[in-house]
Amino acid sequence: CTSTHLTSFAVIMSPSTKDSSTLSYITFVGCSLSAFFALLLVYFIVITTKLRGRLMFQIHAHFALSILFTMVLFMVGIDRTENEDVCKVMAIVIHYFFLTMVTWMLMEGVHLYMLLYAPLTSRGVRIRWFAVVGWVTPAIIVAITAGLAHDQYSTNNYCWLSADKPAMWAFLVPLIVTMTFNGVLFVAVTRRLLARNAKKHPERLNIRYLATLIFMLSPILGLSWVFAFLALRDLDGESQVFAYLFTITTSFQGVILFMTIFCPRKGEMRKELSQRAAYRAKRRASSALEGSLPSTRFTTLTGSLFNTLDKVR
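Here's a quick rundown of the structure. (Residues numbered from 1 in each chain as written. Predicted model: local features only at pLDDT ≥ 70, side-chain atom pairs only at ≥ 80, totals over all residues. Heavy atoms only, no water.)

**A word on the overall build of the protein**
Helix and strand counts for the protein stand at 13 helices and zero strands. Counting all 313 residues of the protein, 43% fall into the buried class. Within the protein, contacts between residues separated by at least 24 positions form 75% of all contacts whose residues are at least 6 apart in sequence. Summed over all atoms, the accessible surface of the protein reaches about 16500 Å², with 66% contributed by carbon and sulfur. (Helix = DSSP H or I, 4+ residues; strand = E, 2+ residues; numbered from the N terminus. Buried < 20%, exposed > 50% of the residue type's maximum accessible area, 1.4 Å probe, protein only. Contact = heavy atoms within 4.5 Å. Areas by Shrake-Rupley, 256 points an atom, 1.4 Å probe, with all protein chains shown as cover.)

**Observations regarding the environment of Phe28**
The topology assignment puts Phe28 in helix 1 (residues 21–47). Along the backbone, Phe28 and Ser8 are 20 residues apart, and their C-alpha atoms lie at a distance of 8.0 Å.

**What about the packing of helix 7 (residues 169–200) against helix 8 (residues 207–221)?**
Packing of helix 7 against helix 8 leaves a shortest axis separation of 11 Å and a crossing angle of 150°. The angle between helix 7 and helix 8 places the two elements in the roughly antiparallel class. Considering only the axes of helix 7 and helix 8, their crossing is right-handed. Two secondary-structure elements touch here, helix 7 through Asn182, Phe186, Val189, Thr190, Leu193, Leu194 and Asn197 and helix 8 through Tyr209, Leu210, Leu213, Ile214, Leu217 and Leu221. Classifying every residue of the contact of helix 7 with helix 8 by side-chain character gives ten nonpolar, three polar and no charged. (Axes fitted to C-alpha atoms, helices over the stretch in contact; angles between N-to-C directions. Parallel < 35°, antiparallel > 145°, perpendicular 65-115°, else oblique. Left-handed = near helix turned anticlockwise from the far one by under 90°. Nonpolar A, V, L, I, M, F, W, Y, C, P; charged D, E, K, R; others polar.)

**So, the nonpolar core**
Ranked by size, the top nonpolar core spans 80 residues in total, and within it Met13, Phe98, Trp160, Phe171 and Trp225 carry the most contacts. Broken down by secondary-structure element, the contributors of at least two residues to this core are helix 1, helix 3 (55–77), helix 4 (84–117), helix 6 (127–149), helix 7, helix 8, helix 10 (239–251) and helix 11 (253–262). If you tally residues by element for this core, the top one is helix 4, at 16 residues. (Core = buried A, V, L, I, M, F, W, Y, C linked by side-chain atoms within 4.5 Å.)

**Some words on a nonpolar patch on the surface**
Together, Val132, Val133, Val136, Ile140, Ile144 and Leu148 line one region of the surface with nonpolar side chains, adding up to about 530 Å² of accessible area. By the element assignment, Val132 lies in helix 6. (Patch = residues over 30% accessible without salt bridge, like charges linked within 9 Å, V, L, I, M, F, W, Y side chains within 5 Å. Salt bridge = Lys/Arg side-chain N within 4 Å of Asp/Glu carboxyl O.)

**Brief notes about the state of the cysteines**
By definition, a disulfide links the sulfur atoms of two cysteine residues through a covalent bond. Taken as a whole and assessed by the stated rule, the structure comprises one disulfide. Disulfide pairing is shown between Cys87 and Cys159; the S-S distance is 2.2 Å. The sign of the S-S torsion, about -120°, decides the handedness of the disulfide formed by Cys87 and Cys159: left-handed. Of this pair, Cys87 sits in helix 4 while Cys159 is found in the loop between helix 6 and helix 7, placing the two residues 72 residues apart along the sequence. For the pair shown, Cys87 and Cys159 are each scored as buried. (Disulfide = S-S within 2.5 Å.)

Functional significance is not addressed by these values, which are geometric in nature.
This is the structure we're talking about:
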């Protein structure tokens, strides 16, 4: 992706943040890696038979897609200020995908709540209901905002919402709702799991277990966005600290999400990949054999066999 200059991820929440080259390079590296690992995560979920049929991983895949689109569009369009109309369009599109990322963080929280506190209800829920909320609701919010306040998109330096205008609340309100719900849920889930772990292993300290929970739940629930609110105002330069924390944790969210979901299940995914590789090798060997043996009966039987294997897999 080419652009006139690198831009810090922190400008999303704090446009007054000084344009630090360090923040900009962190953003570029983080967004690039997040986009790559988000795409990789979607690929692994799609090809892994045991995972793609489960609602939890379908939600993970949608969340990863929203991260992928958001990171790519941020790098491509956040500073396309040469043409005002193009900049407004880019601001609207970036606003939409940032909202999808926020909404899918909320969907992750809602599903986690259902798993822990309403397991019977979660069994009848389908991904399409989450998809409607995750992809359509942001479109409605952006359409209303663009219709009522299209002149509040784009600033002098960035293709984004004007921070000092009411339209900025079209991003802040969904973010506040998501962070409030997910924050309360995180505390409740952590207390419940820590208590359960203490009963099983009363002789062990819970510090390591707590650190593991924080690492695993933070990217899924988007808890790193807490730093965004702390970076909203530049008070005596102190918000630069929170701008760094926000930029690092959020721009690398796709990488951390991949590690959180892939690492505990890498055995399943490797097994699936090896099975697919073996199956493709059989297909190639079968094709070569069919070419050397023109028997119609043999070709029909072989094709039927591999079609059956394909359905089973």
